[in-house]
There are 2 protein chains.
Amino acid sequence: MNTALPPTKYGVVVFPGFQALDVFGPLSTLNVLSRDHSMELAVIAESLTPVSTNPEPNTFVSSSFGQEILPTHTFTNAPEVEVLIIPGGFGTRSKVSMAPVESYIQSVFFNLKYVITVCTGSAILAGMSLLDNRRATTNKCTWSLVTPLGPKVEWVRKARWVVDDTPGVPPVWSSSGVSAGIDVTFAFIQMLYGAGTAESVANVMEYERHLDDKWDPFADVWGVTGDLD
Amino acid sequence: MNTALPPTKYGVVVFPGFQALDVFGPLSTLNVLSRDHSMELAVIAESLTPVSTNPEPNTFVSSSFGQEILPTHTFTNAPEVEVLIIPGGFGTRSKVSMAPVESYIQSVFFNLKYVITVCTGSAILAGMSLLDNRRATTNKCTWSLVTPLGPKVEWVRKARWVVDDTPGVPPVWSSSGVSAGIDVTFAFIQMLYGAGTAESVANVMEYERHLDDKWDPFADVWGVTGDLD
């Protein structure tokens, strides 16, 4: 457990085509934590217009099957954030959707205390060269699409999550696909608030945590193998 | 696998103080399924005003830590729904918030093809006597609060989820606390679309499913024991 006071200012970026569980897995976990701890959350997007889990343009069969979240702030009026959560999703493939997200991340990145990426959220940082010469993981299902975006990243093929705490830059906690965002959030809570608190939140959510950051059957499922790590 | 054509019209009810993962665990799973299957979703609430994960009034320490979802329909103009998802959350304790939800459920319940409840979502049905003489489970953490609401319900103490398919009434798939909603949704997908599809969606989400409906370490964690089942 970290003995410093935990950060209280959380933010999450959202964009059209964000993956719902990438956002709501971590946030639901933090919601439970926030019942007993002082914390603030900013849901940050390009504008205050509701943001859909469906990408633009939407090529899915069920184009009407989606949910919309309401941002609390825009990229231009967002409050100071200490912990930034960056989700993934189909929307990360759109340069148009990602341009304002990248611009915002660029402007705040080096002042952040912690960065948490879920799924292809790490692709956004990789494409901005913010993970160069650093260790990170990502979605195993889209491995071959994402990893070329960051040729200088030390991609970890088999990992539920990876913590890179290279000195002099904000630590980046990157996680694997979709549901891995819940596990990395619990690991993060454990570091900041202790194992007892993390276990207590997991019990309230009736969630069986993956405690081993190297647990990753999906690297094999998706054929992400090799001798790089 | 059910050989009949699966239902396509899904709905979820939301209310102030819904539990985020109760909603977005199942929906994120169905979102992935909907990329390849024809499905529609209605997010149904009392009005079209965004609905917060924070209850009203909010007594949590971090009263500003929450998210808002945008409904697509109101209880009075909702389209026909075949599968209704009923989440839980602190908001279920508010008679004011629940009155319109109950009124809507009462009006559609017996025309539904399937009902899925997550966490204290089953408390809503129990309080309306819609689970009388039927088997159901609920959140283990709030067991002693919820189960007295349905004294005639055959509450199953140790279960990740319970399927009650009493003839003549819509089948009710009730699940345990919060994260159990993901597992019950996968079981539901497996029945409707087959094991291969369920496994495929789980692999995309990198989610390790609990396949045994009786798996429930949280019954012991929360002291929900006894000889009733």
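Everything here concerns the structure above.
Notes on the structure follow. In this text, all values refer to a predicted model and were calculated from it rather than measured experimentally.

All names here are of chain B. Neither face of strand β6 (residues 83-86) is exposed, since V83 and I85 on one face and L84 and I86 on the opposite face are all buried. Where strand β1 (residues 9-13) meets β6, three bridges bridge the pair, whose relative direction is parallel. Bridging across to β6, G11 finds its partner in L84. Of the strand pairs in this sheet, β6 and strand β7 (residues 114-117) are connected by four bridges, and their pairing is parallel. Within β7, the position partnered with I86 by the bridge is T117.

Excluding glycine, residues mostly carry a negative phi; peptide bonds, for their part, are mostly trans. All names here are of chain A. Here the bond from E56 into P57 is cis, since omega is -10°, no more than 30 degrees from zero. Turning to its location among the elements, P57 is positioned in the loop between β3 (51-52) and β4 (68-70). The backbone phi angle of N133 is positive, close to 60°, even though this residue is not glycine. On the secondary structure map, N133 appears in the loop between α3 (121-127) and β8 (135-136). For N133, a relative accessible area of 58% gives the class exposed. Unlike most non-glycine residues, V178 shows phi in positive territory, near 35°. Checked against the element boundaries, V178 lands in the loop between β11 (172-175) and α5 (180-193). Among the residues examined, V178 registers a relative accessible area of 2% and is labelled buried.

What counts as what
- Residues numbered from 1 in each chain as written.
- Chains lettered and ligands numbered in written order.
- Predicted model: local features only at pLDDT ≥ 70, side-chain atom pairs only at ≥ 80, totals over all residues.
- Heavy atoms only, no water.
- Buried < 20%, exposed > 50% of the residue type's maximum accessible area, 1.4 Å probe, protein only.
- Helix = DSSP H or I, 4+ residues; strand = E, 2+ residues; numbered from the N terminus.
- Pairing = 2+ DSSP bridges.

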